[in-house]
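Overview (structure and organization)
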Amino acid sequence: MYKSIKRLLDILIAGIALIILSPILIPVILILLVTGEREVFYFQKRIGYLNKTFDIYKFATMLKNSPNIGTGAITLRNDPRVTPFGKFLRMSKINELPQIINVLKGDMSIVGPRPLMQVSFDVYNEEVKQKIYLSKPGITGIGSVVFRDEEKIVSEAADPKEAYENIIYPYKGQLELWYLENASVLTDFKIIFLTGWSILFPNHTLTAKLFKNLPPRSF
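On a regular strand, each side chain points to the face opposite its neighbour's, so the side chains alternate between the two faces of the sheet. Taken together, the 7 bridges between strand β1 (residues 41–47) and strand β2 (residues 53–59) define a ladder with antiparallel strand orientation. Residue pairing for β2: Tyr42 is matched across the bridge by Lys58. Linking β1 to β2, which pair antiparallel, is a turn of 5 residues; within it Leu50 sits at a positive phi near 60°.

To continue, consider the environment of Asn125. Mapping Asn125 onto the fold places it in the loop between α5 (118–121) and α6 (126–131). Owing to a relative accessible area of 46%, Asn125 belongs among the partly exposed residues under this scheme. Residues Asn125 and Gln44 lie 81 residues apart in sequence; the distance between their C-alpha atoms is 23 Å. A polar contact of 3.1 Å, which involves the side chain of Asn125, links it to the backbone nitrogen of Glu127.

We now examine the packing of aromatic side chains. Under the defined criterion, the tally for this structure stands at 12 aromatic pairs. With a centroid separation of 5.3 Å and 65° between ring planes, the pair formed by Tyr124 and Tyr169 is classed as edge-to-face. Note that Tyr124 is positioned in the loop between α5 and α6 and Tyr169 in helix α9 (residues 160–182), a separation of 45 residues in sequence. A residue is classified by how much of its surface remains accessible, and Tyr124, at 5% relative accessible area, is buried. The exposure class of Tyr169 is buried, given its relative accessible area of 6%. On the basis of an interplanar angle of 40° and a centroid distance of 5.4 Å, the ring pair of Tyr164 and Tyr169 is categorised as tilted.

As a further point, take the side chain of Lys129. Mapping Lys129 onto the fold places it in helix α6. On the basis of relative accessibility, which here comes to 15%, the residue Lys129 falls in the buried class. Here the side chain of Lys129 touches Glu126 through a polar contact of 3.3 Å, side chain to side chain. If we ignore the near neighbours within four places in the chain, the residues touching Lys129 are Asn51, Phe121, Asp122 and Tyr124.

Tracing the backbone through its elements, the reader meets Tyr2 in helix α1 (residues 2–20). The sequence separation of Tyr2 and Ala183 amounts to 181 residues, and the corresponding C-alpha distance is 8.7 Å. Once you skip the residues sitting within four places of it in the chain, Tyr2 turns out to touch Tyr179, Ala183, Ser184, Val185 and Asp188. A distance of 3.2 Å separates polar atoms of two side chains, one belonging to Tyr2 and the other to Tyr179.

Counted by the stated rule, this structure contains 7 salt bridges. Of the charged contacts, one joins Lys58 and Glu96 as a salt bridge, the two residues approaching to 3.5 Å between their closest N and O atoms. With Lys58 in strand β2 and Glu96 in the loop between α3 (84–92) and α4 (99–105), this residue pair connects regions lying 38 residues apart in the sequence. With a relative accessible area of 12%, Lys58 lands in the buried category. When the shortest N-O distance is used, the salt bridge between Arg114 and Glu96 registers 3.1 Å. Within this pair, whereas Arg114 is found in the loop between β3 (109–111) and α5, its partner Glu96 is found in the loop between α3 and α4, the two being separated by 18 residues in sequence. By relative accessible area, Arg114 is classed as buried at 14%. Residue classification places Glu96 among the buried positions, given a relative accessible area of 15%. Several salt bridges share partner residues, and in doing so they unite Lys58, Glu96 and Arg114 into one network.

Conventions and cut-offs
Residues numbered from 1 in each chain as written. Predicted model: local features only at pLDDT ≥ 70, side-chain atom pairs only at ≥ 80, totals over all residues. Heavy atoms only, no water. Pairing = 2+ DSSP bridges. Helix = DSSP H or I, 4+ residues; strand = E, 2+ residues; numbered from the N terminus. Buried < 20%, exposed > 50% of the residue type's maximum accessible area, 1.4 Å probe, protein only. Polar contact = N/O pair within 3.5 Å; in protein donor to acceptor, adjacent residues only side chain to side chain. Phe/Tyr/Trp six-rings, centres within 6.5 Å; stacked < 30°, edge-to-face > 60°. Contact = heavy atoms within 4.5 Å. Salt bridge = Lys/Arg side-chain N within 4 Å of Asp/Glu carboxyl O.

Written out as structure tokens, the structure reads:
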């Protein structure tokens, strides 16, 4: 029942969002057409439902050859591979909005674990790999809310790769397993609310108040 309701809500929310956000989406598309490398969308293979791959939609924010330059799959704060307009899109999370198309197609949900590239997915332990995508990946999720400033955390680490492998991904894995056990319409609406709240008030502390049973942090 929950999955059926979730799919109906996904289609409804994504459809309404596409209409409401068109005054933002259309200017962004026009700006991307005349700036940077004149690429509007960035398509990338991600791990999705039941560990099957799909093409994720994003607004282009980085140089075309970025995966083969510098830190590869890891994006740092003030990363030189990010275009000037792309930096704004990433900070505001507008670059994620084209994933509304993925939701309408059924590749993704509004709320769920973030879809990862294979290289990042492989960092998870076997339990997380087997379970995480029993739920469709989402535009936002509990991992995204808790790590809302992930690039800053990684940028401040002495070794960005080590920070991902030993700090961020172990805890993200726990969070995503928590979501599978606690998934509900109410949980999803709380995560959607916190996602919007985080954009307006980045330093808020509401997450721990709304979700009192989250896995404890060790950092």
